[in-house]
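Listed below are the residues making up each chain.
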Amino acid sequence: MKKTIITISREYGSGGREIGRKLASKLGIPFYDNELITIAAKKSGFAEEMFQQADLKPTGSLLYTLSLFGGGGAGFDLPLSDKIYLIQSDIIKEVAAQGSCVIVGRCADYVLRENPSLIRIFVHADLQSRIERSIRVNELNEDKAKEKLLRIDKRRSSYYNYYTNQRWGRAEHFDLSINSAKLGVDGAVEVLETYTRATNRKSAETL
């Protein structure tokens, strides 16, 4: 398989992380999720907790802020959350440069949007299926599960919209959107593996 960078964005409770991990295993390539936080913390000196909570407080537009201060924010002290995003983005670019991998979340689809090896996936499912998965995985009652998934989806949407100036989950920003409730985790992995290998073959034919 030629070099392939797969990014997975997902609704909470859709099983996107599990799908990403199994897909990476099937393809024999590295998987990055919380591993990115560990790498970024070690390289930056910031505590891992800062990266884990980085998506809690975006309020304006990072792209607008950077445009006012020359792109890199030179001479301007960016908010901590924005510094952490930029550090994390650099780490995402570094691991992508090293070779094929699967990266979950963290606006990786946007960060790597100019990478010719990129395949962008969005995993979603109907609300009830996601609630049932959250009940099973997190051992919550239905009300708590629904409250949690709606809260996290809203947080992910705000974080993505803030740092990309794009709308989270919009089809035009992804190469493939997949409903995990229709296929199950293993079925979704099978479809994504087939899609990835077909994309690789198509790329090889055009060389």
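Residues numbered from 1 in each chain as written. Predicted model: local features only at pLDDT ≥ 70, side-chain atom pairs only at ≥ 80, totals over all residues. Heavy atoms only, no water.

A. Seen up close, the sheet that holds strand β2 (residues 31-32). A sheet is described by the order of its strands in space; here 5 strands give the open sequence β2-β3-β1-β4-β5, paired in parallel fashion. One side of each edge strand has no neighbouring strand; the edge strands of this open sheet are β2 and β5 (176-179). Here strand β1 (residues 5-10) runs beside strand β4 (residues 118-124); their pairing, made up of 6 bridges, is parallel. In the strand pairing of β4, serine 9 is matched with phenylalanine 122. Sitting on the sheet, helix α5 (residues 80-98) is in contact with β1, β2 and β3 (101-104), with an inclination near 160° to β3. (Pairing = 2+ DSSP bridges. Helix = DSSP H or I, 4+ residues; strand = E, 2+ residues; numbered from the N terminus. Contact = heavy atoms within 4.5 Å. Axes fitted to C-alpha atoms, helices over the stretch in contact; angles between N-to-C directions.)

B. Layout of the pattern of salt bridges. Inspection of the entire model under this criterion finds 10 salt bridges. Across the salt bridge formed by aspartate 153 and arginine 130, the nearest N and O atoms sit 2.6 Å from each other. Taken together, the residues span a long stretch of sequence, with aspartate 153 in helix α8 (residues 142-164) and arginine 130 in helix α7 (residues 127-138) at a distance of 23 residues. Each member of the pair, aspartate 153 as well as arginine 130, carries the same accessibility label: buried. Put simply, glutamate 172 and arginine 170 hold a salt bridge, and the shortest N to O gap is 2.9 Å. Connected through shared salt-bridge partners, Glu18, Lys22, Arg133 and Asp186 make up one network. (Salt bridge = Lys/Arg side-chain N within 4 Å of Asp/Glu carboxyl O. Buried < 20%, exposed > 50% of the residue type's maximum accessible area, 1.4 Å probe, protein only.)

C. The packing of helix α2 (residues 34-44) against α5, seen in detail. The interhelical angle for the contact between α2 and α5, taken along N-to-C directions, is 115°, at an axis separation of 9 Å. Classified by the interaxial angle, the pair formed by α2 and α5 is roughly perpendicular. Here α2 runs over α5; the crossing is right-handed. In this structure, α2 uses Leu36, Ile39, Ala40, Lys43 and Ser44 to contact α5, whose residues at the interface are Ile87, Ile91, Ile92, Glu94 and Val95. Its residues assigned to classes, the contact of α2 with α5 comprises 7 nonpolar, 1 polar and 2 charged. (Parallel < 35°, antiparallel > 145°, perpendicular 65-115°, else oblique. Left-handed = near helix turned anticlockwise from the far one by under 90°. Nonpolar A, V, L, I, M, F, W, Y, C, P; charged D, E, K, R; others polar.)

D. Layout of unusual backbone geometry. At cysteine 107, a residue that is not glycine, the phi angle is positive and equals roughly 55°. Summarising the element assignment, cysteine 107 is placed in the loop between β3 and α6 (108-111). What makes cysteine 107 buried here is its relative accessible area of 4%. With a phi close to 55°, glutamate 139 is a non-glycine residue in the positive phi region. Residue glutamate 139 is classed as exposed on the basis of its relative accessible area of 72%.

E. How the structure looks around the packing of α5 against α8. It is at 12 Å that the axes of α5 and α8 come closest, and there the two elements cross at 80°. It follows from the interaxial angle that α5 and α8 lie roughly perpendicular. Listed contacts from α8 to Ser81, Asp82, Tyr85 and Gln88 of α5 are Tyr159, Tyr162 and Tyr163. Considered class by class, the residues forming the contact of α5 with α8 number 4 nonpolar, 2 polar and 1 charged.

F. Local environment of the confidence of the model for the protein. On average, residues of the protein score 84 in pLDDT, and 81% of them are at 70 or above. Least confident of the elements in the protein is helix α4 (residues 62-68), whose mean pLDDT is 46; most confident is β4, at 97. Confidence drops under pLDDT 50 across residues 62-75; counting only partners more than four residues distant or on other chains, this segment forms 18 contacts. (pLDDT = per-residue confidence, 0-100.)

G. Representation of the pairing of β1. Extensive coverage of β1 is indicated by the burial of 6 of its 6 residues. Going residue by residue along β1, you find Ile5, Thr7 and Ser9 tucked away on one face and Ile6, Ile8 and Arg10 tucked away on the opposite face as well. Both β1 and β3 contribute to a ladder of 4 bridges, which runs parallel. Considered in β3, the bridge of threonine 7 is made with isoleucine 103.

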